[in-house]
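Now for the letters of each chain:
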Amino acid sequence: MKLVFFFILRIILYPIMLIINLTIFVRNWLYDKNILKSVRPKVFCINVGNLNLGGTGKTPHVEYLVRLLADNYKTSILSRGYKRKTKGFVWADATATAESIGDEPMQYFLKFKDKINVVVCEDRIVGVNEIQRQMPNIETEIQSIVLLDDAFQHRKIAPQLNLLLCDYNRPFYEDSLVPFGKLRDLRQSAKRANAVIVTKCPKDINIQKHTAIINGIKKYVSPETPIFFSRINYKSVVGYFSKNTFKPQQKSNVVTAIAKPEVFIEYLSEQGFSINNVHNFSDHFSFTRKEMNEIITETAQFKNVLQIITTEKDMVKIKPLLNEEEMKHFFYVPIEIELEDKKTFDDFVYSSLKNLA
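Small disclaimer: the values here were computed from a predicted structure and weren't measured. (Residues numbered from 1 in each chain as written. Predicted model: local features only at pLDDT ≥ 70, side-chain atom pairs only at ≥ 80, totals over all residues. Heavy atoms only, no water.)

**Quick look at the overall build of the protein**
When helices and strands are counted, the protein shows 11 helices and 14 strands. A globule of 357 residues ought to have a C-alpha radius of gyration of about 21 Å, and the protein, at 21 Å, matches this closely. Taken over the C-alpha atoms alone, the protein extends approximately 65 × 60 × 40 Å along its principal axes. Residues classed as buried in the protein amount to 50% of the 357 residues present. For the protein, restricting intrachain contacts to residue pairs at least 6 apart in sequence, the fraction spanning at least 24 positions comes to 80%. Total accessible area on the protein stands at roughly 17900 Å², and carbon and sulfur atoms take up 55% of it. A gap of 4 Å separates the mean positions of the 49 positive and 39 negative side-chain charges of the protein. (Helix = DSSP H or I, 4+ residues; strand = E, 2+ residues; numbered from the N terminus. Rg over C-alpha atoms; globule rule 2.2 N^0.38 Å. Buried < 20%, exposed > 50% of the residue type's maximum accessible area, 1.4 Å probe, protein only. Contact = heavy atoms within 4.5 Å. Areas by Shrake-Rupley, 256 points an atom, 1.4 Å probe, with all protein chains shown as cover. Lys, Arg positive; Asp, Glu negative; His and termini not counted. Charge placed at Lys NZ, Arg CZ, Asp CG, Glu CD.)

**Topic: helix α8 (residues 289-301)**
For an α-helix, 3.6 residues make a turn, and residues three or four places apart therefore share a direction. Over its 13 residues, α8 runs 18 Å from end to end, which matches the ideal 18 Å to within 8%, given 1.5 Å per residue. Turning to α8, its buried residues number three or more, namely Glu291, Met292, Ile295, Glu298 and Thr299. Projected down its long axis, α8 carries its buried residues within an arc of 135°, all on one side. Residues Lys290, Ala300 and Gln301 are exposed on α8 and point more than 90 degrees away from its buried face. Looking at the buried residues of α8, the elements they touch are β10 (252-256), β11 (275-280), β12 (307-311), α9 (312-318) and β13 (330-333). (Expected span 1.5 Å × (residues − 1). Arc of directions from axis to C-beta.)

**Some remarks on the nonpolar core**
The biggest cluster of nonpolar side chains holds 52 residues, and the ones touching the most others in it are Ile46, Leu65, Leu163, Phe345 and Val349. Element by element, the count of residues in this core is highest for helix α2 (residues 58-69), at six residues. The residues touching Leu163, leaving out its near neighbours within four places in the chain, are Ile46, Asn47, Val48, Gly49, Leu65, Ala195, Phe345 and Phe348. Core analysis: the next-biggest nonpolar cluster, separate from the first, contains 23 residues, Leu164, Tyr173, Leu177 and Cys201 among them. (Core = buried A, V, L, I, M, F, W, Y, C linked by side-chain atoms within 4.5 Å.)

**A closer look at the sheet that holds strand β9 (residues 238-239)**
Spatial ordering of the open sheet is given by β9-β13-β12-β10-β11, a layout of five strands whose pairing is mixed. Looking at strand neighbours, the two that pair on one side only are β9 and β11, the edges of this open sheet. Running at roughly 155° to β10, helix α7 (residues 261-270) makes contact with β10, β11, β12 and β13 of the sheet. (Pairing = 2+ DSSP bridges. Axes fitted to C-alpha atoms, helices over the stretch in contact; angles between N-to-C directions.)

**Re the environment of Val66**
Mapped onto the elements, Val66 comes out in helix α2. On the basis of relative accessible area, Val66 is assigned to the buried category, the value being 0%. Along the sequence, Val66 and Phe246 sit 180 residues apart, while their C-alpha atoms lie 28 Å from each other. Excluding anything up to four places from it in sequence, Val66 contacts Ile77, Phe112, Ile116 and Leu147.

**Section: the sheet that holds strand β3 (residues 90-91)**
The strand order across the open sheet built from nine strands is β3-β4-β2-β5-β1-β6-β7-β8-β14, with neighbouring strands paired in mixed fashion. This sheet does not close on itself; its edge strands, each paired only once, are β3 and β14 (335-339). Docked against the sheet, helix α4 (residues 103-112) engages β2 (74-79), β4 (117-120), β5 (144-149) and β14, running at close to 165° with respect to β4. Helix-sheet contacts for helix α6 (residues 207-218) involve β6 (161-167), β7 (195-199) and β8 (227-234), and the interaxial angle to β8 is about 125°.

**A look at the packing of α2 against α4**
At a minimum axis distance of 11 Å, the contact between α2 and α4 shows a crossing angle of 30°. Judged by the angle between their axes, α2 and α4 are roughly parallel. Handedness of the α2/α4 crossing: right-handed. Together, Lys58, Thr59, Val62, Glu63, Val66 and Arg67 of α2 and Glu104, Gln107, Tyr108, Lys111 and Phe112 of α4 make up the contact between the two elements. (Parallel < 35°, antiparallel > 145°, perpendicular 65-115°, else oblique. Left-handed = near helix turned anticlockwise from the far one by under 90°.)

Structural measurements only, silent on function.
The following block contains the structure:
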């Protein structure tokens, strides 16, 4: 019965997939033929994007570039600010919240506000132009760069360096366009990438798998396009309330609002943390006091469950909803990415800044 239902559903969705496929193909063709115009800003732009609907690890890779470049370049991050409650151009300042600029930009701001600018704008061209306007002479200085968070499909802007992320667990060359798969762009669009980073890799990849991934990607990119591999590196658990200490042996509840929570849960289990219950909300979910009341009340009902663990991205939305006493029970896990060949990648980025300016 399920197979029949699935077959009927595919028949119903097939025309939708064809329409989406044709629409994306025509749009890309118009840009490729220069009928629709792309704009290359004077300020050097590095895009970190993907072909699918989220979950490839853009945020920690943008943060990696901040750590790599911010000491030597005047750096700004430009994001659209997904699910924020504001519109247009917003320059993050001391009044910024996850509601005003989005959860990921807020994470950038909290981490790097003393080193970089964090800006949100739906239109990347408008955003870059406004950054240039508010930072005099930025357009003539190679010392200035803009990191574009998730602009691979934004064909109006042509970044000087286009980094395409590919999920190790669901590579784009094995995926399909929505509604049959998770792709929001054609596989062939990978040809626009100056480099591909395979993300969320396990610690040890056997040579056969490594080669298979490279061969799969090379079908869709230029022969000279470098391919890198990265993995998530989880840091030590941090308390919302700085003086509080996490107790691994004590039972904890887990709260997430990320694309693939199973990876996070698996990590917690591997660390031997005692997990009592897990609350998975949709990616970018906007928490309210209602959810906090329910989670705190549930936690209080279980004997010896006094800790609640979240991701770093969720922390920036949850923390403002809590009082100081409640914060003592909340913890989060920061992440960074680790590149298989860090030096080669770093050299590639720096050489691109020199050669493509």
